[in-house]
Structures are given as C-alpha cells and as structure tokens.
Amino acid sequence: MKLHFQLPSQLLSALDAAAADWQTNHKLDRFWQKDASLWTSDGEEKWLGWTNIVERQQANLPALAELAIDVRDGKYESLVLLGMGGSSLCPEVLSLTFGRQAGYPALHIVDSTNPAQVKSVRDKIDFEKTLFIVASKSGSTLEPNVLKQYFFQEAKILLGSEMAGSHFIAITDPGSKMEQVARADKFRYIFYGDPEIGGRYSALSNFGVVPATCAGLDVARMLNEASGAVAAAKLPAAENHALQIGLLMGLAANHGRDKITIFTSPEIHDLGAWMEQLIAESTGKGGKGITPVDREAVMAPEYYGNDRIFAYIRLTDTADTSAQADLDKKVAAIAAAGHPVATIGIDSRYGIFGQFFTWEVATAVAGSVMGINPFNQPDVESAKVEARALTEAYEKTGKLPERTAFYEGEGVKLFATAEYAAKLAAGGKSLAGILSAHFGQLKAGDYFAALAYLPMFPEHEAAVQQLRHRVLEKKRVATCVGFGPRFLHSTGQDYKGGPNTGVFLQITSGHEADLGIPGQKLTFGVVIDAQAEGDIAVLEARGRRALRVHLGADVAAGLAKLNRAVEAALA
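J.: Account for the packing of helix α6 (residues 115-124) against helix α7 (residues 142-159), with residues named and values stated.
T.: The contact between α6 and α7 brings their axes to 12 Å, and the two run at 30 degrees. In terms of their interaxial angle, α6 and α7 are classed as roughly parallel. Between α6 and α7 lies a crossing of right-handed hand. Between α6 and α7, the contacting residues are Val118, Val121 and Arg122 on the first element and Leu147, Tyr150, Phe151, Glu154 and Leu158 on the second. The residue makeup of the contact of α6 with α7, split by class, is six nonpolar, no polar and two charged.

J.: Talk me through the layout of surface pockets; I want residue IDs and the actual numbers.
T.: The volume enclosed by the largest pocket comes to roughly 1000 Å³. For the largest pocket, the lining is made up of 44 residues, of which Ser138, Ser140, Thr141, Leu142 and Lys384 are closest to its centre. Residue assignment for the lining of the largest pocket shows that the elements contributing at least two residues are α7, α9 (177-184), α13 (271-283) and α16 (378-397). It is α16 that provides the largest number of residues to the lining of the largest pocket, a total of nine residues. Classifying every residue of the lining of the largest pocket gives 14 nonpolar, 18 polar and twelve charged. If you add up the space inside the second largest pocket, you get close to 800 Å³. Looking at the second largest pocket, it is lined by 32 residues, and the ones nearest its centre are Glu92, Leu96, Met456, Glu461 and Arg486. A breakdown of the residues in the lining of the second largest pocket according to their chemical character gives 14 nonpolar, nine polar and nine charged.

J.: So, the packing of helix α18 (residues 431-439) against helix α22 (residues 555-569): which residues are in play, and what are the values?
T.: Between two packed helices, both the angle of their axes relative to each other and the distance between the axes serve to describe the pair. Following both chains from N to C, one finds α18 and α22 inclined at 60 degrees, their axes separated by 8 Å at the closest point. By the angle between their axes, α18 is oblique relative to α22. Crossing angle aside, the handedness with which α18 passes α22 is right-handed. In this structure, α18 uses Leu431, Ala432, Leu435, Ser436 and Phe439 to contact α22, whose residues at the interface are Leu562, Ala565, Val566, Ala568 and Ala569.

Analysis parameters
- Residues numbered from 1 in each chain as written.
- Predicted model: local features only at pLDDT ≥ 70, side-chain atom pairs only at ≥ 80, totals over all residues.
- Heavy atoms only, no water.
- Axes fitted to C-alpha atoms, helices over the stretch in contact; angles between N-to-C directions.
- Helix = DSSP H or I, 4+ residues; strand = E, 2+ residues; numbered from the N terminus.
- Parallel < 35°, antiparallel > 145°, perpendicular 65-115°, else oblique.
- Left-handed = near helix turned anticlockwise from the far one by under 90°.
- Contact = heavy atoms within 4.5 Å.
- Nonpolar A, V, L, I, M, F, W, Y, C, P; charged D, E, K, R; others polar.
- 1 Å grid on protein atoms, 1.4 Å probe; cavity = no way out; pocket = protein on both sides within 12 Å on 5 of 7 lines; lining within 4 Å.
- Points joined across faces, edges and corners; volume = space filled by probe spheres on them.

Structure below.
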C-alpha cells in the first residue's frame, strides 16, 4: 500500500503535530493494548477483537481449506448469502470485485426485504445447486431471520425436509438464537463470530472469510494481504498509514470538514459501500460524525465546498487505463484547488483485504480524535425499535398505522411532519414546487441524501443516481444515496445521530406483488413498509428535514416522473 497526502498547509501541520502526539504519548501502544481511555472509557476494550483476528484466521487455514473442497465438490452453481449490514457488505464487495471463480458457485447477496428483490434471487437459482449462508451476528436481526424463514421453507418444499438443512450454513455468535435454529434445522455448518467484534469491523472474521472461502477466493493470499496491513499499522506514527489516515479524518471533522468523498478505480468500486458503513456507523453519534459520500460523480473543484476531504483508492493494475487516467486527472485538479486528498495505491484486487484492516484502524483512530465511542450504534437501535413495534402491531391487528399525505397528485403522495409540511407549502401546490422548497433548505455545509426503499435493481439505481447528481450540480452540496433497509445498518446511524446537516428525501413505493413469510402474518412488503416508517419517524423525532415521496407500484414510471419533477424544481 502506498499513501500520498495533498493537504492544505494548516491541516498538514495539524496532522504532523497529532502524529507526534500519538508517538510521544504512547497512544499507539495504548491502542494495541486495548486501552478504552483512548476513547470514552465506555467499554471500548470489549470491541477490539478485530485487532488480532487476522492471525487467528491464518491459524484456521486448514479448516477453511476443507470447507473450500467441500463446496467445490458439491458442484454448486449459486451461493446465496442472507444478511444485513456488516454481515453482507464485505461479501458484496467480494462478489462485485472478483466475480465467479472457476469451479465454485456464483455469490449472490440478499440484503433487502423488498419482495421484488427477494423474488428476483429466488427466481434465478436452482435450489438443488444452491448453498445458502445465513449471516447474523446476534441471531436476532429481523432481516436475516425472515430471509432464512422464506428460503428455508422454499428449500423444504423443493428438496424435502431431510435435505434442506444440508444446503445451509450459519455464521453467528456462540449461543445466539440463530445457532439454536441452525442446529434444529440440521445446517451443514455453523461458523462462529467473535462476540468482541462488531458487525462493521467483521470483514476479516468468519463473516467475510467463510463466504470468501465458499466462493473460491485464495484465502491464504487474502489473509496475507491483511497481515501486511496489521504489521504496517504497528509502525511508528511517522510511517503508519492507517494511523495517519485516521488522524486526518478526525482532525478534519473537528474543523468542519466532516464529509469524506470516496473515489476508487472501476474494478474496486464497491469497496466504497463497505467503507461507507464502517465510517458512518462508527462516527455518526452525539451530534458529531463523518458523512461518507460514495459513488458520487467526480466533478470540477468548484462544485465542492470546504466541508469535504477526499479519499482515492487507486488500483495499480487496472484494466481500464483510460478511465483511471481520467480519474487521476480529475482528482489532481481537486487537490490543486486546495481540497485535502489522500491517495491510497494498491497493487492488485487482493489489496482490498489490506484496506479492510487499514480503514478499521483509521476509523477507530478518528473516533479517538473526535472523542467518541466508534464501536456502538445507538441510533441504529432506535430505528429497529420503531420498526419492531410496527411489525408487532401488524401481527396483532393485520394492518400498519396510516399517515395522512399533505399532498396527493401527479401520481404520488407526499408526507412530512405538520410543521415541515407547512414550510414546504411555501413552494406551491405542485410536486415540483414542494420539492423546490425542500431543496431550498440546503445551504453550505449541508448534504442531501436520497433514501430509496425500492428494489435495488440497476435501472432504479441509475434513476436515483440521476436525481442525486442533479442536486449536486445545482446545489453544490455533498450528496448521498442509500437503498433501504440496508442503509439503516450503515449510514442510517450518521443520518440520525450525526450533525443535523442532512436534507432527506425518502422514496417508497407500492408493491406489484408480495411474498409471505412462513409462520407469520407479516409479508416482505409489510416489513419494508414498517422499516421505512420507522426510519422517517426517527429522523423526524431528531428534527431532521425529511420528506417522503410515495410512488405507485410501477417503480420505473414513478422514478421517471419524480426525476422530471426534480428537474423542474431545480431549474
């Protein structure tokens, strides 16, 4: 890994002083000694199991090799991971970065409760040639539990009750409810998580390594890359890239540059989604936070305010040299304009495993600089509580509470608190007018986030990206995109617990078809609707500027209509 900083002189001086402080006052030693006083003395020492996980996984390589042989010999075509947040984002990076490996199954991720998205995976797989991984650290998370219920019932129907369990693997903490379920259902394997590793720091634990093994990646090489990053993170401060990145993040956030924009080479683009969760969920709390900006188009320097820093993870052996040269040029222009840029060079795609550990250390260091506990997530829990109350009520009554739209027309319904709706009414009685008033809330230092509770299909992603980029072009603020419910376990923590600088557009839709959940009145459509309602309820309770637009069941048509209204609103 190579690191190159291009920083304004004042920030560079502060970074040098902070590095000297960490060296002189033995803070780096205290980090490796798991000294909670480096943060807030709030039990942080109980969540640092990830600092030595690589060495432990290397000792487990013979068992992992046996697993790889078993999967290869099973001649599976599909490997379907059912999970959420830290349990699914690392495997998603692996799937999109490495693709299918010869002789091993294609890795698919199901991290949504949207019925159309769940059904799309169901329809593309042959259950006789599919191996499922249920990944749930606590064993009590709603999404992996209902996904397991659905796919396991389908397996029982198609494969028979005796054979179904042999197509399932569980990854969960010892003693969890999921372990009990896996034993009762005779799962093929149960792999354990480490109770001292939180989900977003679990990429190099079994939550990342077991899917990598089953997908046929070179796990020894992967862990060797990670081991190099561990060694590098123990170097003196002046040579310690992970420490320096973390110090930069924390210092910049403390001085108003509280957004980190992530650029990557094309082949490793999904690394940003994993980084997004790690940084947002670790730092966004108590009114502080670093808001990650991923998959935003690279713009000319004048489109960026002084509230950002930039991280560019650059793959040396990229196959797309033209795209990389263009990106290099654009990033150089951003740096030349005085914006802080950290360029991180890796030699191959396997270098992302070193990046996992490097950014875990950096994020923990940033938390120390910011004076927060980077290992808890209080506001993720608040949204879970709201959604759980709604689903429990549905089990009793058969319906979800209904909101009253403050605007209905043009094929959409709009919802907000009474106070915020009155403010938006100043824009006029049209969709474009109300959106104009909503976007008008954005000011320097704010960010815009589109929160889409829609199937995460490429055409929908493209439409939501079009929307966010139009806001970027016209308002020149940082912009974010999240698909629900997955972002609830990621950036949702920062949106609710971080600085009140976000302007949110939640996008929901009807469901053309729904899927039942075995053993419950709930359907997947009800679950995702409850999650969207719980999400916006917490945003509103925290005084966030949030507007919901509800589309019809035809999502593509609804998004096209919404984008036309956004265009008019920003004209």
